[in-house]
Each structure stands twice: as C-alpha cells, then as structure tokens.
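Summary of structural features
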Amino acid sequence: MALIQCPDCGNMISENADSCPKCGYSLKSVREREERLREEKRKHDRAMMHLLEFGLLLFALILFFLFASSHATEKTVLNFLTFVSSMWAILPIVIIVGIIILIFKK
Ligand SMILES: [Zn+2]
C-alpha cells in the first residue's frame with residue numbers, strides 16, 4: 001500500500017483512502033475527476049481514430065477512382081469528377097454531423 005501526499009495539507013496518507021484523515025480533503029472526488037479525464041481522453045482518441053479511418057477510406061476511394069480513370073474513357077473520367085465534386089459537397093455535412101454526434105455522446 002503506497003503513501004501519497006494530501007493535495008490540501010501535505011499529510012502523508014494511504015492512496016486507497018477516500019479522504020484525508022487530517023484535513024478531510026476528499027481524495028475520492030480527485031480520483032473520480034481523474035477517471036473522468038481519462039475517459040474523455042479515451043473518447044477523444046477513439047474519435048480521432050475514426051476520423052483518421054474515414055480520411056484513409058476517402059483517400060483510398062479517390063486513389064481507386066484515379067487509378068480506374070487512368071485506363072478509362074472520357075465518360076468515366078467525367079463520372080469520377082462528378083463523384084469527387086459531390087464528395088466535396090457532402091464532406092462538410094459529414095464533418096458537422098460527426099461533431100454533433102461527438103458532442104451529444106458525452
Ligand atoms: Zn489533508
């Protein structure tokens with residue numbers, strides 16, 4: 001069992017104690033806050049991973065269509081350009097919806 005210093009009075013107390021026996025400072029709330037911060041960081045990291053995955057998927061799609069169109073007729077190139085321009089129109093909406101979902105998940 002390790003000893004930690006009370007953030008309030010500096011008294012050495014058990015890290016498992018819920019509160020400081022000397023000054024009554026609540027260590028439980030500190031631990032809960034730390035746990036909340038860790039959880040928020042995990043959520044943030046997950047969200048960033050999803051964003052990265054989405055970006056990679058988009059990149060792969062564009063590369064695929066670029067590769068496909070290099071062997072293709074003018075019509076396919078035109079289809080590709082239409083696809084890309086429609087993607088650019090959709091992208092801000094996807095990002096906004098993603099942000100809204102992230103905010104409401106918390
Ligand atoms: Zn204390």
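Note that the structure is predicted; figures quoted are calculated from it, not measured. (Residues numbered from 1 in each chain as written. Predicted model: local features only at pLDDT ≥ 70, side-chain atom pairs only at ≥ 80, totals over all residues.)

Before going further, it helps to examine the environment of Arg 33. Along the chain, Arg 33 turns up in helix α1 (residues 27-70). Under the C-beta neighbour-count criterion, Arg 33 is labelled exposed, with 10 such atoms within 10 Å. Here the alpha-carbon distance between Arg 33 and Met 87, two residues 54 residues apart in the chain, equals 41 Å. (Helix = DSSP H or I, 4+ residues; strand = E, 2+ residues; numbered from the N terminus. Buried ≥ 20, exposed ≤ 12 C-beta atoms within 10 Å, placed from the backbone.)

Along the chain, Asn 16 falls in the loop between β2 (12-14) and α1. Spatially, the C-alpha atom of Asn 16 lies 8.3 Å from that of Ala 2, the residues being 14 residues apart in sequence.

Put simply, the protein chain has an average pLDDT of 84, and 92% of its residues get 70 or more. The spread of mean pLDDT over the elements of the protein chain runs between helix α2 (residues 74-105), the lowest at 79, and β2, the highest at 92. (pLDDT = per-residue confidence, 0-100.)

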